[in-house]
Amino acid sequence: MLSCRQATELMSQEQDRALSFSERIGLRLHVWICAGCNSYRRQMSVLRAACRRFGGGTS
Ligand SMILES: [Zn+2]
């Protein structure tokens, strides 16, 4: 099982590269059982959507 630290590291890495299958599964499981990382991840995706909308980024 991933630690919270590993989970948050994977969350930031997944913005820059494609995670492996096992990394995705591990992250998904961790977020599923860990309320802290779950809300962290939600905030991160909200931020990312906001950046896309307002930042005019092409990625
Ligand atoms: Zn966690």
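We now turn to the structure provided with this report. Fair warning: this is a prediction, and the values are worked out from it, not measured in the lab. (Residues numbered from 1 in each chain as written. Predicted model: local features only at pLDDT ≥ 70, side-chain atom pairs only at ≥ 80, totals over all residues. Heavy atoms only, no water.)

Concerning the environment of Arg 41
With respect to the helices and strands, Arg 41 occurs in helix H3 (residues 35-55). Residue classification places Arg 41 among the partly exposed positions, given a relative accessible area of 28%. A C-alpha to C-alpha distance of 7.8 Å links Arg 41 and Val 31, two positions 10 residues apart in sequence. Those residues in contact with Arg 41 that sit more than four places away from it in its chain are Met 11, Glu 14, Leu 27 and Val 31. (Helix = DSSP H or I, 4+ residues; strand = E, 2+ residues; numbered from the N terminus. Buried < 20%, exposed > 50% of the residue type's maximum accessible area, 1.4 Å probe, protein only. Contact = heavy atoms within 4.5 Å.)

Some words on the nonpolar core
Listed in full, the 9 residues of the largest apolar core are Ala 7, Leu 10, Met 11, Leu 19, Leu 27, Val 31, Cys 34, Cys 37 and Met 44. Counting residues per element, the ones that place at least two in this core are helix H1 (4-13), helix H2 (21-33) and H3. Of all the elements, H1 adds the most residues to this core, at 3 residues. (Core = buried A, V, L, I, M, F, W, Y, C linked by side-chain atoms within 4.5 Å.)

As for a nonpolar patch on the surface
Nonpolar side chains collect at one region of the surface, where Met 1, Phe 21, Ile 25, Leu 29, Trp 32 and Ile 33 lie side by side and expose about 760 Å² of accessible area between them. Of note, Leu 29 is situated in helix H2. (Patch = residues over 30% accessible without salt bridge, like charges linked within 9 Å, V, L, I, M, F, W, Y side chains within 5 Å. Areas by Shrake-Rupley, 256 points an atom, 1.4 Å probe, with all protein chains shown as cover. Salt bridge = Lys/Arg side-chain N within 4 Å of Asp/Glu carboxyl O.)

A closer look at the coordination of the zinc ion
All of the protein donors around the zinc ion are Cys 4 (SG), His 30 (NE2), Cys 34 (SG) and Cys 37 (SG); their distances to the metal are 2.0 to 2.3 Å. Classification of the site at the zinc ion rests on its 4 donor atoms, whose angles at the metal span 100 to 114°, yielding the label tetrahedral. Each donor residue of the zinc ion belongs to the same chain, with the gaps between them written as C-x25-H-x3-C-x2-C. Here Cys 37 lies in helix H3 and Cys 4 lies in helix H1, a separation of 33 residues in the sequence. (Donors = N, O, S within 2.8 Å, 3.2 Å for Na, K, Ca; no water. Tetrahedral: all angles 85-135°; square planar, octahedral: opposite > 155°, others 65-115°.)

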